[in-house]
Amino acid sequence: MFADLTPNEMRHVRDYLQGKPELGLTAARGKSLKKNSILLMELHLPRKHKALRALNRGQAKPTRQARVVVQFGNQSQPNITEIIVSPLPFPTSYREKTFKGDKPIRFESRPITVAEYSHIIDILQKITAKVHKVLFETTGGFSFHNCTDRCLTFSDIAPRGLESGERRTWIMLQKFVEGYFIHPVGFEVLVNHKDLDPERWTVEKVWYNGQYFDKVEELAEQYEKGTLEKVKLPDHDDEDLYSTYIPRGHSNTRTDIHGPKLVEPQGPRYHVDGNFVEYAGWSFAFRVRSSAGLQIFDLRFNGERIAYEVSLQEAIAFYSGDTPAAMQTKYIDAGWVMGTHDYELAPGIDCPEIATFLDLHHYYDTDKPVHYKNALCVFEMTTGMPLRRHFNNNFQGGYNFFGGLENHVLVLRTTSTVYNYDYIWDFLFYQNGVMESRVSATGYIHATFFTPNGLHYGSKVYNYVLGNLHTHLIHYKVDLDIAGRENSFESMNLKYVNFTNPWSHKHSVVQSKLVKTQHETERGAAFRFGKKFPRYVHFYNPNEKNKWGHQKGYRIQYNSHANSVLPRGWMEENGISWSRYPLAVTRHKDSEPTSSSIYTQNDPWEPVVSFEDYICNDENIINQDLVAWVTVGFLHVPHSEDIPNTATPGNAVGFFLRPFNFFDADPSLASRSTVIVRQDKEGKPKVQRWTPEVVGHCVTDRPFFYNGTYAGV
């Protein structure tokens, strides 16, 4: 039910829709913007209650359907329409899909396409021809048109305007070398490309080295007159290595031997069947949604469902800066269809060589399915840290026992390279019923041309380059079904209590007491950034208890340094109203499937999907089917060590789903990888284990040994 569309399904849907004369569809890759064409195609998820009938009762699976985004540009009033096509694989009908509140999709909010980019390149050719001398002389021989080995490229900034209905983009030029993201040349231009006739596109503003101009010709004229404050960038040869991965500097690590590698001495212990995975009691289905990315469904441990859905919803990076491109940069990555940017993973770097690599297929801005080879991986690894251990000291130079369990974890991983940044998306599954969601950020920083005032907004990372400060926020949907769909939510805090010591009345005892707060409505369960966040947030089933009388539950534990990125209600903030809350809890509704959309990037002012609408009706959330909406993130002030790339250590955030009285004891007790050591009567170690004693020659050919004694010397 949850598997992504197959290439055959995609082709059948395409052919079916292109065969409908009333739609008038043509090829997506045609250069004309005045056309009707398919922009995006992906799985349309079934309604939850229908899916659960199949999962819980063995009833027939819901009909597979496709969600198709069609851009109708060849009509007097261009529009974007979403349609649902069914049944798959051989469709016979389609219907229009509407958003909550029947909000229309503005044509200007559509993601940018290859066809539109081709026209942007055309107008940039014309623009740069007028300032060819400026660019050529100040960059050391680089040009945008008629170039060979010294070419300029560009980065386009979003959102594309300052209010709804606009489509005008700041574009900055860069040297086209490896890592061109950190090679700005100090030239930025504002292009209005709203009209579907590219011949009617206009230049509205130009920025060069801290100076604004109304026309390109004005810049060229002042340059010729010598009245312009000129830029002279270093010679290209001096900076060949600056942004590359080529090693330089002294290394203290031996290069004639390899570092440690992950091995599976007897083969994998997990099972992958299509999009279904089983491992150490865990089972789940996964997909990579083209518009947003990695999702898992029907998450179970030992057969008990913990969550119906845990899915990535959105990733944003909001910047600050002194140049117009920098101050306008507010990237909302679903608008770049970030799920389709999951390129091939490198064995031994992105995933261990032993991983299972899987291919993905997407249909976006194309006329046929696109195959992404080895774009997702699954592997089991040891963390190098025990899951649990204890040395029981006898305080006589020995011990009563030692017990330990190696920490193995299953990892489901893919990436999204959304232009300069690389996000590594992980779901990790532990033996003790804990699931972790983690994102690690790497790739190139988004850099702009250095100005002295820019130091208020970042750090100088090269002699003409500013690394701009920005905040990353990631949003997840966590549809928990703890021992069933009827769940409630509470938060826990501590408060000090002061009372007379019962065994010494002239003294007082001060200690912490647990205070639980039952949250009854959606608004009361929406926690704002800037307010004190509870110590524990706990989802539980009021009707199911464990052996000890506690209501079975799971809690969400954060690994995050997130904060809000704009004041509430300020322009673009309306499109990311989910970013107001590290946690918001709502009742599940099929009409509220996502917190964002592919249209938010280019129209955040009047968004089609407004998360705030999900909680404004303030519905009761006691003993209901609940969804937790989780925001994590971090502030990044770039620094010299971000050159050439941001590294992953310290740049990973996420959350844990941790059992809280869900089980009667730690479920990892079932693991046979446990090792117990006791001393016999002669004081010699006696090892008890339930797995083979020798791991294998590729790890070590020596049997496990443990002494455990200690003595003076």
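Residues numbered from 1 in each chain as written. Predicted model: local features only at pLDDT ≥ 70, side-chain atom pairs only at ≥ 80, totals over all residues. Heavy atoms only, no water.

Looking at an unreviewed UniProt entry, one finds the protein named Amine oxidase, with Salvelinus namaycush as its source organism.

**Student:** Pulling in residues and values, what's your account of the overall build of the protein?
**Tutor:** When you go through the protein residue by residue, the secondary structure sums to 7 helices and 34 strands. Since a compact globule built from 713 residues should have a radius of gyration of about 27 Å, the 29 Å found for the protein is in line with a globular shape. Across its three principal directions, the C-alpha atoms of the protein cover 95 × 65 × 65 Å. Burial status across the protein gives 54% buried among its 713 residues. When contacts within the protein are restricted to residue pairs at least 6 apart in sequence, those whose partners lie at least 24 apart make up 66%. The average position of the 79 basic charges and that of the 81 acidic charges among the side chains of the protein differ by 7 Å. (Helix = DSSP H or I, 4+ residues; strand = E, 2+ residues; numbered from the N terminus. Rg over C-alpha atoms; globule rule 2.2 N^0.38 Å. Buried < 20%, exposed > 50% of the residue type's maximum accessible area, 1.4 Å probe, protein only. Contact = heavy atoms within 4.5 Å. Lys, Arg positive; Asp, Glu negative; His and termini not counted. Charge placed at Lys NZ, Arg CZ, Asp CG, Glu CD.)

**Student:** Give me the lowdown on the state of the cysteines, citing residues and values where you can.
**Tutor:** Applying the stated criterion across every chain, the model contains 2 disulfides. Disulfide pairing is shown between C147 and C151; the S-S distance is 2.0 Å. Between C147 and C151, the S-S torsion sits near 105 degrees, and that sign places the bridge as right-handed. Note that C351 is cross-linked by a disulfide to C377, the S-S spacing being 2.1 Å. Its torsion about the S-S bond being -85 degrees, the disulfide of C351 and C377 is classed as left-handed. Note that C351 is positioned in the loop between β15 (330-332) and β16 (356-364) and C377 in strand β17 (residues 370-393), a separation of 26 residues in sequence. (Disulfide = S-S within 2.5 Å.)

**Student:** I'd like a description of unusual backbone geometry, backed by residues and values.
**Tutor:** Leave glycine aside and you will find that most residues have negative phi; peptide bonds, for their part, are mostly trans. In this model, S86 is joined to P87 through a cis peptide bond whose omega is -15 degrees. With respect to the element layout, P87 can be found in the loop between β3 (79-86) and β4 (93-97). In this structure, the amide linkage connecting I643 to the following residue, P644, adopts the cis form with an omega of 5 degrees. Relative to the helices and strands, P644 is located in the loop between β31 (626-636) and β32 (652-660). Of note in the backbone geometry, D365 takes a positive phi value of approximately 50 degrees without being a glycine.

**Student:** Lay out helix α4 (residues 132-139) in plain terms, naming residues and giving numbers.
**Tutor:** Residues of α4 that are buried: V134, L135, T138 and T139. Buried residues along α4 cover an arc of 95 degrees about the axis, so they all sit on one side. Close packing links the buried residues of α4 with α3 (114-130), β5 (152-156), β6 (168-175), β7 (184-192), β8 (202-208) and α5 (216-225). Among the residues trailing α4, G140 stands out with phi positive, at a value near 80 degrees. (Arc of directions from axis to C-beta.)

**Student:** Go over the environment of E592, please, and point to the residues and values.
**Tutor:** Residue placement: E592 occurs in the loop between β30 (583-587) and α7 (612-615). In this structure the C-alpha to C-alpha distance between E592 and F99, which are 493 residues apart in sequence, comes to 8.8 Å. With sequence-adjacent residues up to four places away left out, E592 is seen in contact with K100, K477, T586, R587, Y614 and W629.

**Student:** How would you summarise the UniProt feature "domain: Copper amine oxidase N2-terminal" (unreviewed entry) in the protein if you had to cite specific residues and measurements?
**Tutor:** The positions that UniProt labels "domain: Copper amine oxidase N2-terminal" (unreviewed entry) are, in the present scheme, residues 20-93. Secondary structure over residues 20-93 splits into 14% helix and 35% strand, and the C-alpha atoms at its two ends are 10 Å apart. (UniProt positions renumbered as here; feature names shortened; annotations may be inferred.)

**Student:** Just give me the short version of the UniProt feature "domain: Copper amine oxidase catalytic" (unreviewed entry) in the protein, but keep the residues and values in it.
**Tutor:** Listed under "domain: Copper amine oxidase catalytic" (unreviewed entry) in the UniProt record, and renumbered for this structure, are residues 261-669. The span residues 261-669 is 2% helix and 51% strand, and its two end C-alpha atoms sit 28 Å from each other.

**Student:** Break down the nonpolar core for me, citing the residues and quoting the values.
**Tutor:** One finds F187, I296, L412, W425, F429 and Y476 to be the most contacted residues of the largest nonpolar core, which totals 145 residues. Per-element accounting of this core gives the leading share, 9 residues, to strand β14 (residues 304-319). Apart from residues lying up to four places away in sequence, L412 is in contact with F284, F286, L294, I296, L376, C377, V378, W425, D426, F427 and F429. Of all hydrophobic cores here, the second largest spans 18 residues; its members include L5, L25, V68 and I83. (Core = buried A, V, L, I, M, F, W, Y, C linked by side-chain atoms within 4.5 Å.)

**Student:** Describe the side chain of Q71, listing the residues and the values that go with them.
**Tutor:** In this structure, Q71 sits in strand β2 (residues 65-72). Look past the residues within four positions of Q71 in its chain and what remains in contact with it is K35, N36, S37, L39, N79, I80, F107, R110 and T113.

**Student:** Please set out the pattern of salt bridges residue by residue, giving values where relevant.
**Tutor:** In the structure shown here, the tally under the stated rule is 42 salt bridges. Its salt-bridge partner being R523, residue E612 comes within 2.9 Å of it at the nearest N-O pair. With E612 in helix α7 and R523 in the loop between β26 (508-518) and β27 (526-527), the pair connects residues that are 89 residues apart, well separated along the chain. The exposure class of E612 is buried, given its relative accessible area of 11%. (Salt bridge = Lys/Arg side-chain N within 4 Å of Asp/Glu carboxyl O.)

**Student:** Describe the sheet that holds strand β21 (residues 447-449), naming the residues involved and giving the relevant values.
**Tutor:** If you walk across this open sheet you meet the 3 strands as β21-β23-β22, and the pairing is antiparallel. Each end of this open sheet is capped by a strand with a single partner; those strands are β21 and β22 (458-462). Across the sheet, the mean angle from the axis of one strand to that of its neighbour is 40 degrees, orientation sign disregarded. Sheet topology note: the β22/strand β23 (residues 465-468) ladder contains 4 bridges and is antiparallel. What sits directly across from G458, in β23, is N468. (Pairing = 2+ DSSP bridges. Axes fitted to C-alpha atoms, helices over the stretch in contact; angles between N-to-C directions.)

**Student:** Give a description of the pairing of strand β18 (residues 399-418) that names residues and reports values.
**Tutor:** Judged by how many residues are buried, β18 sits mostly within the fold: 16 of 20 residues are covered. Two successive antiparallel strands, β17 and β18, enclose a turn made up of 5 residues, where F395 displays a positive phi of approximately 60 degrees. Taken together, the 3 bridges between β18 and strand β33 (residues 675-679) define a ladder with antiparallel strand orientation. The residue bridging G403 from the neighbouring strand is I676, located in β33. Connecting β18 to the next strand, strand β19 (residues 421-430), in antiparallel fashion are 2 residues, including Y419 with a positive phi near 65 degrees.

**Student:** Outline a positive patch on the surface, listing residues and values.
**Tutor:** A cluster of basic side chains, namely K50, R53, R57 and R95, defines a positive patch on the protein surface. Top contributing element to the positive patch by residue count: helix α2 (residues 48-57), with 3 residues. Mapped onto the fold, R57 is located in helix α2. (Patch = residues over 30% accessible without salt bridge, like charges linked within 9 Å, V, L, I, M, F, W, Y side chains within 5 Å. Areas by Shrake-Rupley, 256 points an atom, 1.4 Å probe, with all protein chains shown as cover.)

**Student:** Could you give me a rundown of the packing of aromatic side chains, with the residues and numbers involved?
**Tutor:** The geometry of an aromatic ring pair comes down to the distance between the two centres and the angle between the two planes. Per the counting criterion, the structure on display carries 39 aromatic pairs. Arranged with centres 4.9 Å apart and planes meeting at 75 degrees, the rings of F662 and F663 form a pair that is edge-to-face. By relative accessible area, F663 is classed as buried at 15%. Members of the aromatic cluster, connected to one another through ring pairs, are W282, F284, F301, F429, Y554, F662 and F663. Across the ring face of F107, the terminal group of R110 is positioned such that the distance to the ring centre comes to 4.1 Å. (Phe/Tyr/Trp six-rings, centres within 6.5 Å; stacked < 30°, edge-to-face > 60°. Lys NZ or Arg CZ within 6 Å of the ring centre and 35° of its normal.)

**Student:** Tell me about the sheet that holds β5, and please be specific about residues and values.
**Tutor:** Read across the open sheet, the 5 strands follow the order β5-β6-β7-β8-β9; overall the sheet is antiparallel. Of all strands in the sheet, those bounded by a partner on one side alone are β5 and β9 (211-213). Taken pair by pair, the neighbouring strands of this sheet meet at an average axis angle of 25 degrees, ignoring direction. The pairing of β6 with β7 spans 6 bridges and is antiparallel. Its bridge partner being in β7, W170 is matched across the sheet by L190.

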